[in-house]
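# A structural walkthrough
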Amino acid sequence: MITTRFAPSPTGYLHIGNLRTALFNHLITRKAGGRFILRLDDTDPERSKQDYVDAIMADLDWLGLHWDRVERQSQRLERYHAAADALRAAGRFYECFETPAELDLKRKKQLNMGRPPVYDRAALRLTDAERDALRAERQGYWRFKLDHARIEWDDGILGPQSIDAASVSDPVLIRGDGQVLYTLASVVDDMEMGITDVVRGADHVTNTATQIQIMQALGGTPPRFAHHSLLTGPQGEALSKRLGTLSLRDLRAQGIERMALLSLMARLGSSQPVTLAPDLDALAEGFALDQFGAAPTKFDAADLWPLTRAHLQRLAHTDVAERLRALGVPDAIAPAFWEVARENIDRLDDLADWWALCRDGAAPAIDPEDAAFVAEALALLPPPPYGPDSWKDWTTAVRAATGRKGKALFMPLRKALTGRAHGPDMAALMPLLQTVPAHKG
Ligand code: GLU
């Protein structure tokens, strides 16, 4: 059985980038019939907020990415300290004292000499006396001592990977103030929670290398890893700064439908075309990590709109009955209203405008050159209610009276009744009109 986790830090809202990670993990689990854990990486007490936890859960709920269990790292600190003790006992953990400024200076010197800015392990060469002296004046922090060998894994998306551990700094796992860092906490969780598969962004590749060694040092077997490419904007520009405006809650508030979002994100960057899927099971069925490429994936939020429209057009009246009732559409005409309106909305919120038009009538749009014609036509319009033949009957009468035909006949009448040049088939719309300009008030 496969077990996966989605592990956001509750330090902000979920955005389109996180969604990709959550969705990929969820889909491989759904397809294989495994377990999906929501793990909250909340070891940073300053930045982690319960509001974000609630928001993350609400977003996942909306998307239908349900989890089997929630874990919070803040409640597992003892486990991480036990692991730290084990690493210490194994001689793989060492105390360091350099300040950030000192480390920065070292890095600059290395770069100036054309060398990679890898931590030089100076702390390992301290004598006991030097270490005691440093302890008296500063808080030590702890690094994991990497074994300088190649670290290899067969990545589910990137293929075979091989990283020289000597090219990576020994990772800091516990800060001077005692805070356990993600790199260690995640390893302990992945081991103890029996995680079999980790899918995450390509920005974690180096973490993976070090985490594989930490896991092995703790006697564990690393899970399978897959790193998906990072998203860019439509022109290939970095998206990281804009992710704040691409939060799931914003997209939802704009009227993006969840299946549009899920359908796009489950296929974007893969060899499969993006099509609107009916549900998560359909997305899971065709999903395979090895269909995704390593190159950055271009994301254009505009692509969500055609999918949203396609989704809305597929909905039955029963799917939106509540919504229509809330708008005040009488049950008797709600199915007919939905048939007419669904082809003419970008988002469900647009229904309100169409209903207002049916209920109250629109402010007529009348071009000056059509003013006399429209006045004559409206005089020929009987009062509501209208039926399926009303449009034909009226336009026939207007044609006979004025001699106009074709677009010159229909367009001014459409604009007079709806206030706009585009919209539903007028024959279907007329029976829904509760009032029209000629008979208003
Ligand atoms: N909290 C980490 C992040 O959001 C989790 C990374 C992981 O999947 O291990 O980047």
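Only a predicted model underlies this, so the values are computations on that prediction, with no experimental measurement involved.

To continue, consider helix 6 (residues 182–192). Extensive coverage of helix 6 is indicated by the burial of 8 of its 11 residues. Of all the positions in helix 6, only Thr183, Leu184, Ala185, Ser186, Val187, Val188, Asp189 and Asp190 are classed as buried. For helix 6, the secondary structure elements touched by its buried residues are strand 1 (3–6), strand 2 (35–40), helix 3 (77–89), strand 8 (172–174), strand 9 (197–201) and helix 7 (205–217). At the C-terminal side of helix 6, Gly194 shows a positive phi close to 65°.

The next thing to look at is the site of the ligand. Within the structure, the ligand sits among Arg5, Ala7, Ser9, Asp41, Tyr182, Ser186, Arg200 and His204. The separation between a nitrogen atom of the ligand and a polar main-chain atom of Ala7 is 2.7 Å. Within the side chain of Ser9, one N or O atom sits 3.4 Å away from a nitrogen atom of the ligand. Calculation on the ligand without its partners gives an accessible area of 290 Å², and the protein chains cover 79% of this total. Because more than half of its atoms lie within 2 Å of the grid, the ligand is assigned to the largest pocket. When its residues are assigned to classes, the shell around the ligand shows 2 nonpolar, 3 polar and 3 charged.

Moving on: the sheet that holds strand 4 (residues 93–96). Taken in spatial order, the 3 strands make up an open sheet running 4-5-8, and their pairing is antiparallel. Of all strands in the sheet, those with a lone pairing partner are strand 4 and strand 8, marking the two edges. Between one strand axis and the next, the sheet turns through 45° on average, direction left out of account.

Within the fold, Gln110 resides in helix 4 (residues 100–112). Residue Gln110 is classed as buried on the basis of its relative accessible area of 10%. Those residues in contact with Gln110 that lie beyond four places of it in its chain are Arg115, Pro116, Pro117 and Val118.

In this structure, Ile16, Leu19, Leu261 and Phe299 are the most contacted members of the largest nonpolar core, which totals 49 residues. At the level of secondary structure, the elements contributing two or more residues to this core comprise helix 1 (16–32), strand 2, helix 2 (50–63), helix 8 (248–254), helix 9 (258–267), helix 10 (280–285) and helix 11 (304–314). Once residues within four sequence positions are removed from consideration, Phe299 is found in contact with Ile16, Leu231, Thr232, Gly233, Pro234, Leu239, Leu246, Leu264, Met265, Leu268 and Leu304. Counting 37 residues, the second-largest nonpolar core is a separate cluster that includes Val329, Ile345, Cys358 and Leu378.

Orientation of helix 13 (residues 334–341) relative to helix 14 (residues 351–360), taken along the N-to-C sense of each, is 120°, at an axis distance of 11 Å. Our classification of the angle between helix 13 and helix 14 gives oblique. Handedness of the crossing formed by helix 13 with helix 14: right-handed. Contacts between helix 13 and helix 14 involve Phe337, Trp338 and Ala341 on the former and, on the latter, Leu351, Trp354, Trp355 and Cys358. For the contact of helix 13 with helix 14, a count of residues per class yields 7 nonpolar, no polar and no charged.

Our focus in this paragraph is the pattern of salt bridges. Taken as a whole and judged by the stated rule, the model has 33 salt bridges. The residue Glu98 makes a salt bridge to Lys106 at a minimum N-O spacing of 3.1 Å. Residue Glu98 is classed as buried on the basis of its relative accessible area, which comes to 11%. Overall, Lys106 belongs to the partly exposed group, its relative accessible area being 21%.

Taken across its 5 residues, strand 9 has 5 buried, putting it largely inside the fold. Here strand 9 runs beside strand 10 (residues 224–228); their pairing, made up of 5 bridges, is parallel. Among the inter-strand pairings, Val199 is bridged to a residue of strand 10, identified as Ala226.

Moving on to the packing of helix 3 against helix 6. At a minimum axis distance of 9 Å, the contact between helix 3 and helix 6 shows a crossing angle of 100°. If you check the angle between helix 3 and helix 6, you find them roughly perpendicular. Residue-level inspection shows Arg79, Tyr80, Ala83, Ala84 and Leu87 of helix 3 in contact with helix 6, the latter providing Leu184, Ala185, Val188, Asp189 and Glu192. Tallied by class, residues from the contact of helix 3 with helix 6 come to 7 nonpolar, no polar and 3 charged.

Inspection of the entire model under this criterion finds 8 aromatic pairs. Ring centres of Phe24 and Phe292 lie 4.6 Å apart, and the angle between their planes is 50°; this geometry places the pair in the tilted category. Here the residue Phe24 occupies a position in helix 1, and Phe292 occupies one in the loop between helix 10 and strand 12 (297–298), the gap between them amounting to 268 residues. Both residues of the pair, Phe24 and Phe292, belong to the buried class. Taken together through their ring pairs, the aromatic side chains of Phe24, Phe287 and Phe292 make up a single cluster. Across the ring face of Trp142, the terminal group of Arg88 is positioned such that the distance to the ring centre comes to 4.2 Å. The ring of Trp354 is capped by Arg420, whose NZ or CZ atom sits 4.1 Å from the centre of that ring.

Definitions and cut-offs
Residues numbered from 1 in each chain as written. Predicted model: local features only at pLDDT ≥ 70, side-chain atom pairs only at ≥ 80, totals over all residues. Heavy atoms only, no water. Buried < 20%, exposed > 50% of the residue type's maximum accessible area, 1.4 Å probe, protein only. Helix = DSSP H or I, 4+ residues; strand = E, 2+ residues; numbered from the N terminus. Contact = heavy atoms within 4.5 Å. Near = heavy atom within 4 Å. Polar contact = N/O pair within 3.5 Å; in protein donor to acceptor, adjacent residues only side chain to side chain. Areas by Shrake-Rupley, 256 points an atom, 1.4 Å probe, with all protein chains shown as cover. 1 Å grid on protein atoms, 1.4 Å probe; cavity = no way out; pocket = protein on both sides within 12 Å on 5 of 7 lines; lining within 4 Å. Sits in = over half its atoms within 2 Å of the grid points. Nonpolar A, V, L, I, M, F, W, Y, C, P; charged D, E, K, R; others polar. Pairing = 2+ DSSP bridges. Axes fitted to C-alpha atoms, helices over the stretch in contact; angles between N-to-C directions. Core = buried A, V, L, I, M, F, W, Y, C linked by side-chain atoms within 4.5 Å. Parallel < 35°, antiparallel > 145°, perpendicular 65-115°, else oblique. Left-handed = near helix turned anticlockwise from the far one by under 90°. Salt bridge = Lys/Arg side-chain N within 4 Å of Asp/Glu carboxyl O. Phe/Tyr/Trp six-rings, centres within 6.5 Å; stacked < 30°, edge-to-face > 60°. Lys NZ or Arg CZ within 6 Å of the ring centre and 35° of its normal.

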